[in-house]
Amino acid sequence: MSSAMRAIEHDVKDVSLAPQGKKRIEWAEREMPVLRLIRERFGAEQPLKGVRLVACAHITTETANLARALQAGGADSLLIASNPLSTQDDVAASLVSDCGIPVFAIKGETTETFRRHVRTALDFEPDIIIDDGSDVVATLIKEQPDRAKKIIGSTEETTTGIVRLEAMLKAGVLGFPSIAVNNAQTKHLFDNRYGTGQSTLDGIIRATNILLAGRTLVVIGYGWCGKGLALRARGMGANVVVTEIDPIKAVDRRGCINRRYFRDRHRQPSRDRRRALRQNERRRDRRQQRSLRSGTESGCVARVVWRANPRQAFRRRI
Ligand SMILES: NC(=O)c1ccc[n+]([C@@H]2O[C@H](COP(=O)([O-])OP(=O)(O)OC[C@H]3O[C@@H](n4cnc5c(N)ncnc54)[C@H](O)[C@@H]3O)[C@@H](O)[C@H]2O)c1
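As the structure is a prediction and not an experimental result, all values here were calculated from the model. Numbers given for residues are sequential positions, taken from 1 along each chain in its written order. Confidence filtering applies because this is a predicted model: local features only for residues at pLDDT of at least 70, side-chain atom pairs given and counted only at 80 or more, and all residues used for totals across whole chains, interfaces and linings.

Participant: Is there a simple way to explain the overall build of the protein in this structure?
Facilitator: Secondary structure counts use DSSP, requiring at least four H or I residues in a row for a helix and at least two E residues in a row for a strand, with both numbered from the N terminus. Looking only at helices and strands, the protein features 16 helices and eight strands. The buried share of the protein, taken over its 318 residues, is 29%. By sequence separation, contacts in the protein at least 24 residues apart represent 70% of the contacts at least 6 residues apart. Residues with at least 20 neighbouring C-beta atoms inside 10 Å of their own are called buried, those with 12 or fewer are called exposed, and the rest are partly exposed, where every C-beta is derived from the backbone. The contact rule is simple: place each C-beta atom from the backbone, and if two of them lie within 7 Å, those residues are in contact.

This is how it looks when you write it as structure tokens:
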């Protein structure tokens, strides 16, 4: 047990996981050059010296690097998990053991444990709150309104959190500024569209071990996350169906995801065009059969499927 760890309170699964977590944090850092530069600058300038900071976020390697940057800037930080399912226990252990940062996060923690962690975070008396879903800010305003007056400000990461903040603003109870990180275009693109689009599919595949090609996948809502998810699922061969209450987004979906279906359904191609399409298809068939015949072992499996189901919708969909 390191001396840094002995001095701080924490609630993590197993601190002996720290060496593995440290390696993963360092691996992630290689992909985060901007944060690395900020950490170096923070180290020299100490802009957060004396600031007490609570971060309620996904306790993952990326957040660990953020926490290290904040620590380098002089902040006194405490971390809790915003989502019980994304916590990486080895990363939490490393933050406690190697960085001396108090972390309260256990993968799979119950709602009751999460609420206890939120209260622990508020007892830390933060000046700044980094929130993800507005749970810390909402609890603070509801249970400790006097302490809320001392908050310098907060940041909010996610769409749901912004909705809750707007409701608090409307009710006149949000007494400090909050930066809607979620409203940044880069956040929408990298987190909601590309990040969530990829990680949702990753989660489904890991949990179910199914092949997406040929499956029907229903995406509810064609917003930032829905778009990313739908496009990626389509790229992996799934038959994607989107439900959407906003008529403009619904039309957008029809145009983007299923452009060929939309076109073919509403426009009859000319005779020449039909002939050209048939020729193209025959050429593509021949090319694909040639490549499958000369293929590897997996190519051989595919060839059997090909012969058994010539020109069928499944192949077309892939
Ligand atoms: N877990 C994560 O890491 C993570 C990351 C980003 C966003 N999120 C969450 O994902 C959700 C979506 O985020 P977003 O940025 O895509 O939001 P968004 O506002 O861009 O999209 C939501 C879409 O859902 C549609 N919608 C609302 N009610 C509907 C209904 N009943 N049926 C069909 N469609 C409906 C809306 O019209 C809108 O187009 C939010 O709850 C957000 O907090 C989670």
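Participant: Quick question: what am I supposed to make of the sheet that holds strand S3 (residues 103–104) here?
Facilitator: Consider a sheet: its strands pair through backbone hydrogen bonds, and that pairing is either parallel or antiparallel. In spatial order, the strands read S3-S2-S1-S4-S5-S6; together these six strands make up an open sheet with parallel pairing. The outermost strands of the open sheet, each flanked by one partner alone, are S3 and strand S6 (178–180). Sheet analysis places strand S4 (residues 128–131) next to strand S5 (residues 153–156), joined by four bridges and oriented parallel. Residue pairing in the sheet places Ile130 in a bridge with Thr155 of S5. Each axis is a line fitted through C-alpha atoms, taken for helices only over the stretch in contact, and angles between the N-to-C directions span 0 to 180 degrees. Most of the contacts of helix H7 (residues 135–143) go to S4, to which it runs at about 130°, and overall it touches strand S1 (52–57), S4 and S5. Any two strands with at least two DSSP bridges between them are considered paired.

Participant: Looking at this model, I keep getting lost on the pairing of strand S8 (residues 239–243). Mind explaining?
Facilitator: Two faces make up the sheet, and in a regular strand the side chains alternate between them. Along S8, the buried face is formed by Val240 and Val242; none of Asn239, Val241 and Thr243, which line the opposite face, is buried. Where the polypeptide runs from strand S7 (residues 216–220) across helix H11 (residues 224–235) and back to S8, its parallel neighbour, the crossover connection is right-handed. When the strands point away from the viewer and the connection leading from the first strand across the helix to the second strand turns clockwise, the crossover is called right-handed.

Participant: What should I look at first to understand the site of the ligand in this one?
Facilitator: To decide whether a residue is near a molecule or strand, its C-beta atom is placed from the backbone and checked for lying within 6 Å of it. Around the ligand, the surrounding shell holds 18 residues, and the nearest of these are Thr159, Thr160, Gly221, Gly223 and Cys225. Put simply, the parts of the chain that give the shell around the ligand at least two residues each are helix H9 (159–170), helix H10 (185–208) and H11. The nonpolar class holds Ala, Val, Leu, Ile, Met, Phe, Trp, Tyr, Cys and Pro. Asp, Glu, Lys and Arg form the charged class, and all remaining residues, Gly among them, are polar. Residue composition of the shell around the ligand, by class: five nonpolar, nine polar and four charged. When residues are assigned to domains, the shell around the ligand turns out to be shared by domain 1 (3–186) and domain 2 (191–266), each giving three or more. Domain extents, as shown, originate in an automatic or database domain assignment.

Participant: Explanation requested: the packing of helix H6 (residues 111–123) against H7 in the structure shown.
Facilitator: At a minimum axis distance of 10 Å, the contact between H6 and H7 shows a crossing angle of 70°. By the angle between their directions, the pair H6 and H7 is classed as roughly perpendicular. Relative to H7, H6 is oriented so that their crossing is right-handed. Along the contact surface, H6 presents Val118, Ala121 and Leu122, while H7 presents Asp135, Val136, Thr139 and Leu140. For classification, angles of less than 35 degrees are called roughly parallel, those exceeding 145 degrees roughly antiparallel, those between 65 and 115 degrees roughly perpendicular, and all remaining angles oblique. Note: crossing handedness is left-handed where the near helix turns anticlockwise from the far helix by less than a right angle, and right-handed where it turns clockwise.

Participant: Can you walk me through the nonpolar core in this structure?
Facilitator: Across soluble globular proteins, nonpolar side chains show a tendency to be buried alongside one another. Core analysis: the largest hydrophobic core is formed by 40 residues, its most contacted members being Leu79, Ala92, Leu95, Val103 and Ala105. Apart from residues lying up to four places away in sequence, Leu79 is in contact with Ala55, Ile59, Ala67, Leu95, Ile101, Val103 and Ala105. Note on definitions: a nonpolar core is a set of buried residues drawn from Ala, Val, Leu, Ile, Met, Phe, Trp, Tyr and Cys, linked by C-beta atoms within 7 Å. Counting eight residues, the second-largest nonpolar core is a separate cluster that includes Leu229, Ala233, Ala238 and Val240.

Participant: Got a minute to help me understand H7 in this structure?
Facilitator: In an α-helix there are 3.6 residues to a turn, and that puts residues three or four apart on one side. Within H7, the full set of buried residues consists of Asp135, Val136, Val137 and Leu140. Where H7 is buried, its residues contact S1, H6, S4, helix H8 (145–148) and S5.

Participant: Whenever I open this one, the pairing of S7 confuses me. Can you help?
Facilitator: Alignment of S7 against S8, held across five bridges, turns out to be parallel. Across the sheet, residue Val219 finds its bridge partner in S8, namely Val242.

Participant: Explain helix H2 (residues 18–29) to me, please; I cannot follow it from the model alone.
Facilitator: Expected span of a helix, by definition, is 1.5 Å for each gap between consecutive residues, and there is one gap fewer than residues. Between its first and last C-alpha, H2 extends 16 Å over twelve residues, near the 16 Å set by a 1.5 Å rise per residue. Of all the positions in H2, only Ala18, Gly21 and Ile25 are classed as buried. With its buried residues spanning 60° around the axis, H2 presents them on a single face. Of the exposed residues in H2, those oriented more than 90 degrees away from the buried face are Pro19 and Trp27. The inward-facing, buried residues of H2 abut helix H4 (61–72) and helix H5 (89–97). In this context, the arc is that of the directions from the helix axis out to the C-beta atoms.

Treat this as a map of the structure, not an account of what it does.
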